[in-house]
Amino acid sequence: MTMHDDAVAAVPVLTPPLLQVDNLVKHFPLPRGLFGRGDAVVHAVDGVSFTLGAGQTMALVGESGCGKSTVGRLLLRLLEATAGRVWFDGEDLTSLPPAAMRARRREMQMIFQDPYSSLNPRMTVGQTLTEPMALHGLAAGRRQERAAELLDLVGLAPQYLQRYPHEFSGGQRQRIGIARALAVEPRLIVCDEPVSALDVSIQAQVVNLLQDIQRRLGLSYVFIAHDLAVVKHIASHVAVMYLGQIVEYADKESLFSQPRHPYTHALLSAIPLPEPGRVLNRVLLQGDVPNPISPPSGCRFHTRCPHAQQRCADEAPVLTGEAGHSVACHFWRDIALPLALQPDAAARVPNRRLEQLQAAFLPKDAEHA
Ligand code: SF4
């Protein structure tokens with residue numbers, strides 16, 4: 001079977017495609033007896049397809065539980081897919097024997113959300129960095145030197161090689177996690193919420209570091225995040241996920257300037273404005289995310305969508321589009337951009353902090369006048 005036999009038309013191919021994900025499905029079976037049936041499954045991922053070119057960054061965004069982290073683990077086969085295929089550099093990873101997959105995984109690394117729990121507390125930084133090199137037979141005879149180079153690459157001093165993870169701050173530990181991923185010279189890194197556990201001031205430093213490393217080494221990233229403000233800085237392409245499916249896919253500029261799906265509208269309207277005191281009218285969604293054990297029929301978003309019609313409950317929309325911008329919504333052409341996302345929205349929104357100050361001081365000024 002060739003890579004192109006199962007190619008999916010809905011998502012355009014970026015050139016050259018380093019990674020192609022084709023109709024990926026992951027259902028987690030529930031223990032017999034739960035929910036009264038033996039065949040109940042959690043629909044974690046249901047038909048996800050996308051491609052990623054060398055040197056590009058694909059962001060997978062969505063609320064907690066939408067399946068984005070499961071996709072990340074499926075790419076590296078840390079979880080086995082229920083169905084679908086993952087092609088890396090033209091090779092079908094899903095059919096590789098375990099030994100061949102282990103060798104391939106050197107080129108596909110992962111950075112985790114919690115840098116502390118992903119580092120072995122009993123290993124020094126030097127041991128943490130040289131162990132994967134030894135495992136893959138890399139840098140023989142100069143592993144300590146290579147470890148020092150990696151620390152330098154992530155902005156840490158070489159003398160830190162002798163220290164243990166507990167001696168570092170959260171941001172420094174994430175830098176060590178990045179250095180460990182780089183130790184085996186990968187081509188693709190899956191970054192699973194790499195900055196969500198960090199202080200806001202440190203988040204920007206780590207995102208800038210990832211961008212800098214990408215430029216220098218030509219890496220590709222799959223960047224999993226729920227924070228669209230972070231995604232806006234680092235992604236070249238964005239896939240918005242809801243309840244195990246991609247509902248919108250586009251290059252970053254299109255997605256942020258002309259979002260089409262009502263769920264994307266809601267996510268974008270939740271990005272805080274940089275100026276304290278300014279608050280946009282958020283698009284508030286009703287209800288909770290439905291149970292992934294029995295997702296709604298038709299459009300999975302219809303139970304919360306402010307624009308839902310009868311057709312939405314009856315018929316599942318297909319992810320389609322043109323010019324690299326795809327959306328899964330029957331009525332996206334009829335749905336106006338919410339007020340909060342219109343180009344001059346920020347200028348029109350009153351500055352609440354300023355209003356409060358004026359309310360406090362203006363009457364006194366008026367008395368002196
Ligand atoms: Fe909303 Fe219907 Fe579009 Fe789904 S198909 S996003 S329910 S308008």
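What counts, and where the lines are drawn
- Residues numbered from 1 in each chain as written.
- Predicted model: local features only at pLDDT ≥ 70, side-chain atom pairs only at ≥ 80, totals over all residues.
- Heavy atoms only, no water.
- Buried < 20%, exposed > 50% of the residue type's maximum accessible area, 1.4 Å probe, protein only.
- Helix = DSSP H or I, 4+ residues; strand = E, 2+ residues; numbered from the N terminus.
- Pairing = 2+ DSSP bridges.
- Near = heavy atom within 4 Å.
- Nonpolar A, V, L, I, M, F, W, Y, C, P; charged D, E, K, R; others polar.
- Contact = heavy atoms within 4.5 Å.
- Axes fitted to C-alpha atoms, helices over the stretch in contact; angles between N-to-C directions.
- Phe/Tyr/Trp six-rings, centres within 6.5 Å; stacked < 30°, edge-to-face > 60°.
- Lys NZ or Arg CZ within 6 Å of the ring centre and 35° of its normal.

**Student:** So what's going on with the pairing of strand S6 (residues 108-111)? Which residues, and what values?
**Tutor:** Of the two faces of S6, the one holding Met108 and Met110 and the one holding Gln109 and Ile111 are both buried throughout. Both S6 and strand S7 (residues 188-192) contribute to a ladder of four bridges, which runs parallel. Along S7, the bridge assignment pairs Met110 with Val190.

**Student:** Account for the site of the ligand, with residues named and values stated.
**Tutor:** Taken together, His261, Pro262, Cys299, Phe301, His302, Cys305, His307, Ala308, Cys312, Cys329, His330 and Phe331 make up all the residues around the ligand. Considered class by class, the residues forming the shell around the ligand number eight nonpolar, four polar and no charged.

**Student:** Just give me the short version of the side chain of His43, but keep the residues and values in it.
**Tutor:** Within the secondary structure layout, His43 lies in strand S2 (residues 41-53). In this structure, His43 is in contact with Lys26, His27, Pro292, Ile293, Pro295 and Arg300, ignoring residues within four places of it in sequence.

**Student:** How would you explain the sheet that holds strand S9 (residues 237-242) if you had to name every residue and give the values?
**Tutor:** The strand order across the open sheet built from eight strands is S6-S7-S8-S3-S9-S10-S12-S11, with neighbouring strands paired in mixed fashion. What marks the edges here is a single partner per strand, and that holds for S6 and strand S11 (320-322). Strand after strand, the sheet turns through a mean of 20 degrees between neighbouring axes, direction not considered. Packed on one face of the sheet, helix H1 (residues 68-75) meets strand S3 (57-61), S6, S7, strand S8 (220-225) and S9 and runs near 150 degrees to S8. On the sheet, helix H6 (residues 200-217) packs against S3, S6 and S8 and is oriented at approximately 160 degrees with respect to S8.

**Student:** Would you mind going over the sheet that holds strand S4 (residues 83-88) in detail, with residue names and values included?
**Tutor:** Across the sheet, four strands lie side by side as S2-S1-S4-S5; this open sheet has antiparallel pairing. Since the sheet does not close on itself, it has two edges, and those belong to S2 and strand S5 (91-92), each with one partner. On top of the sheet, H1 reaches strand S1 (17-29), S2 and S4; it is set at about 65 degrees to S2, its chief contact.

**Student:** Which residues make up the packing of aromatic side chains, and what are the values?
**Tutor:** Inspection of every chain in the model, using the stated rule, returns four aromatic pairs. A network of ring pairs unites the aromatic residues Tyr242, Tyr263 and Phe301 as a single cluster. The aromatic ring of Phe331 is capped on one face by Arg311, whose charged end is 5.8 Å from the ring centroid.

**Student:** Give a detailed account of the pairing of S9, specifying residues and quantitative values.
**Tutor:** Most of S9 sits inside the fold, with six of its six residues counted as buried. Where burial is concerned, the two faces of S9 agree: the one with His237, Ala239 and Met241 and the one with Val238, Val240 and Tyr242 are both buried. Strand direction decides the pairing type here: S3 and S9, joined by four bridges, are parallel. What sits directly across from Leu60, in S9, is Ala239. By the bridge criterion, six bridges tie S9 to strand S10 (residues 245-251) in an arrangement that is antiparallel. Along S10, the bridge assignment pairs Met241 with Ile246.

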